[in-house]
Amino acid sequence: MQAFLREYSRPLALSVLLHGVLLGSMLLVTFISSQQHLPPVQPLPIDAVVVDSKVLHAAQRAQTERAEQEAARARADAEAKSAAAQADADARAAEEAKTAAAKQAEAEANAANQAKAAEAEDAAKAAAAEQQKAAQAQRRSEADKAAAATQAALDARRAAEARKALEASQAAASRAAEAKQAAEAKQAAEAKQAAEAKQAADAKQAADAKRAAEEHAKQDREAELRRQLADEEHTSAVESGPLRDRYISLLRNKIQNAWIKPPSATAGVDCLVQVTQVPGGEVTGARVTQCNGDAAVRQSIENAVYRASPLPDPPDPALFERNLSLRFRPNE
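This text gives an overview of the structure that appears in the document. (Residues numbered from 1 in each chain as written. Predicted model: local features only at pLDDT ≥ 70, side-chain atom pairs only at ≥ 80, totals over all residues. Heavy atoms only, no water.)

1. Digging into the overall build of the chain
How we decide: A helix here means a DSSP run of H or I that spans at least four residues, while a strand means a run of E at least two residues long, and both kinds are numbered starting from the N terminus. Three exposure classes are used, based on accessible area relative to the maximum for each residue type with a 1.4 Å probe and protein chains only: buried under 20%, partly exposed in between, and exposed over 50%. Contacts were defined at the residue level, with two residues in contact if any of their heavy atoms lie within 4.5 Å. Working definition of accessibility: Shrake-Rupley area with a 1.4 Å probe, residue cover restricted to the visible protein chains.
Each helix and strand in the chain was counted, giving five helices and three strands. Mapped from its N terminus to its C terminus, the chain presents α and β elements in the order α-α-α-α-β-β-α-β. When burial is assessed residue by residue, the chain has 13% of its 332 residues classed as buried. Restricting to contacts in the chain with at least 6 residues of sequence separation, those with at least 24 account for 73%. Working note: accessible area of the chain is about 24,700 Å², and carbon and sulfur atoms make up 57% of it.

So, in structure tokens, the structure goes:
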């Protein structure tokens, strides 16, 4: 639209100017017509004849109407001329617009033809490029096919060589496996023989050791029995002799010497006390089981046993007893 206005600006300006002139002319004619006065009507010389006033007025009105009709015809002619001038100007403007439109259409057609020609040229170039690409692609495809064929032949040859190498390797591996299997079988047989010989030797050694252990155990049992018999005979001889009585007397004397007589104790105290000791005479327990005294007497006897620790050693080790039963009679 802007291009159209730039190209046809002068014709449009002339058309607008012409219309303005015509419009001004019409306004001017109208104004002049409205300002003009009809020329005064000169009465015709008449004879001095008396005329009726009604007739005179009718004649004046007819004359006025004719003057108005003449003015109306003049205005109509001016308007017709103005309309004709306007129509002529409109026709010239339309012709100019038609000519401009034709030029614009022709320019657009030329531009469209140029665009079509450019498109056709581009299409031809694209087609040529596509053909060139297709030719290049075909050449590359043929080259790829040739390379693929060469590579396939090379791969086939390599595969054949690989198969031959694999077959040779498998044959060598088979021979090596057979040799290894034979060696392992021989080694296993030798190991079995050695294991059987070792097992026989171990069995003989174990049997000998067992017999020796049984003989040694038998000897140990016999020695232990002889020792036990000797200990029992010795203990029996010691216990039945004066050594045990002397040992018991030593124990009682030490406990009685450690006894602190409580106020509630009466004459004739007679109690049985259980004493537990360890080697060396250390007392680990003292408990009065039977007694004719009260609780204070019982407690005083147990305290005396603890104060007498360690107790005297027996004159013979065979007389030592961990648990002793002693009769406590301080008045004896």
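The discussion continues.
2. Describing the packing of aromatic side chains
Defined as follows: Two rings from Phe, Tyr or Trp (for Trp, the six-membered ring) form a pair when their centres are within 6.5 Å of each other. A pair whose planes differ by under 30 degrees is stacked, one over 60 is edge-to-face, and the rest are tilted.
The tally for this structure, following the rule as stated, stands at one aromatic pair. A centroid spacing of 5.4 Å and a plane angle of 75 degrees characterise the contact between tryptophan 259 and phenylalanine 328, whose relative ring orientation is edge-to-face. Here phenylalanine 328 lies in strand E3 (residues 323-328) and tryptophan 259 lies in the loop between helix H4 (242-257) and strand E1 (271-277), a separation of 69 residues in the sequence.

3. Points about the pattern of salt bridges
Rule in force here: In the sections that follow, a salt bridge refers to a side-chain nitrogen of Lys or Arg positioned within 4 Å of a carboxyl oxygen of Asp or Glu.
Under the defined criterion, the tally for this structure stands at nine salt bridges. Put simply, Lys204, Asp208 and Arg211 are held in one network by salt bridges that share partners.

4. Some thoughts on the sheet that holds strand E2 (residues 283-291)
The line we're drawing: Only when DSSP finds a minimum of two bridges between them are two strands counted as paired. What counts as an axis is a line fitted to C-alpha atoms, over the stretch in contact for a helix, and the angles between N-to-C directions run from 0 to 180 degrees.
Spatial strand order, E2-E1-E3: three strands in an open sheet with antiparallel pairing. Edge positions in the open sheet fall to E2 and E3, since each of these has one partner strand only. On average, each strand axis in the sheet is tilted by 25 degrees relative to the strand beside it, whichever way the strands run. Looking at chain direction, E1 and E2 are connected through seven bridges and run antiparallel. Bridged to glutamine 277 within E2 is valine 283. Packing against the sheet, H4 makes contact with E1 and E3, and its axis sits at approximately 65 degrees to E3. Against the sheet, helix H5 (residues 295-307) makes contact with E1, E2 and E3, and its axis sits at roughly 150 degrees relative to E2, the strand it touches most.

5. Some points on the state of the cysteines
As a reminder of what qualifies: Any cysteine sulfur atom paired with another within 2.5 Å is treated as part of a disulfide.
Enumeration over the complete set of coordinates arrives at one disulfide. Through a disulfide, cysteine 271 is tied to cysteine 291; the S-S separation comes to 1.8 Å. Taken as a pair, cysteine 271 in strand E1 and cysteine 291 in strand E2 lie far apart in primary sequence, 20 residues in all. Taken individually, cysteine 271 and cysteine 291 each receive the classification buried, so the pair is uniform in this respect.

6. Notes on the nonpolar core
We apply this condition: Only buried Ala, Val, Leu, Ile, Met, Phe, Trp, Tyr and Cys residues count toward a nonpolar core, and they belong to the same one when joined by side-chain atoms within 4.5 Å.
Grouped together as the largest cluster of nonpolar side chains are 25 residues, with contacts concentrated most on Ile255, Val275, Ile301 and Leu326. At the level of elements, H4, E1, E2, H5 and E3 are the ones that each hand at least two residues to this core. Excluding anything up to four places from it in sequence, valine 275 contacts Val283, Gly285, Val305, Leu311, Arg322, Asn323, Leu324 and Leu326.

7. Remarks on H4
Cut-off, in case you're wondering: Every helix has an expected span of 1.5 Å times one less than the residues it contains. The arc in question is the one traced by the directions running from the helix axis out to the C-beta atoms.
The terminal C-alpha atoms of H4 lie 23 Å apart, and with 16 residues this matches the ideal 22 Å at 1.5 Å per residue to within 8%. All of the buried residues in H4 are Tyr247, Ile248, Leu251 and Ile255. The buried residues of H4 occupy an angular sector of 95 degrees when projected down its axis, which confines them to one face. The exposed residues of H4 that point more than 90 degrees off its buried face are Pro242, Asp245 and Asn257. Turning to H4, the residues buried within the fold contact E1, H5 and E3.

8. A word on H5
For H5, with 13 residues, the first-to-last C-alpha span of 18 Å sits near the 18 Å given by 1.5 Å per residue. Those residues of H5 lying buried are Val297, Ser300, Ile301, Glu302, Ala304 and Val305. Next to the buried residues of H5 lie H4, E1, E2 and E3.

9. Some details on the pairing of E1
The side chains of a regular strand alternate, residue by residue, between the two faces of the sheet. E1 sits mainly inside the fold: five of its seven residues count as buried. The turn joining E1 and E2, which pair antiparallel and follow one another in sequence, is formed by five residues; a positive phi near 105 degrees is taken by glycine 280. Both E1 and E3 contribute to a ladder of six bridges, which runs antiparallel. When the sheet's bridge partners are listed, cysteine 271 is paired in E3 with phenylalanine 328.

10. Description of unusual backbone geometry
Excluding glycine, a negative phi dihedral is what most residues carry, and trans is how most peptide bonds are arranged. Following serine 309, the chain continues to proline 310 via a peptide bond in cis, the omega torsion being 0 degrees. Looking at where proline 310 falls in the secondary structure, it is placed in the loop between H5 and E3.

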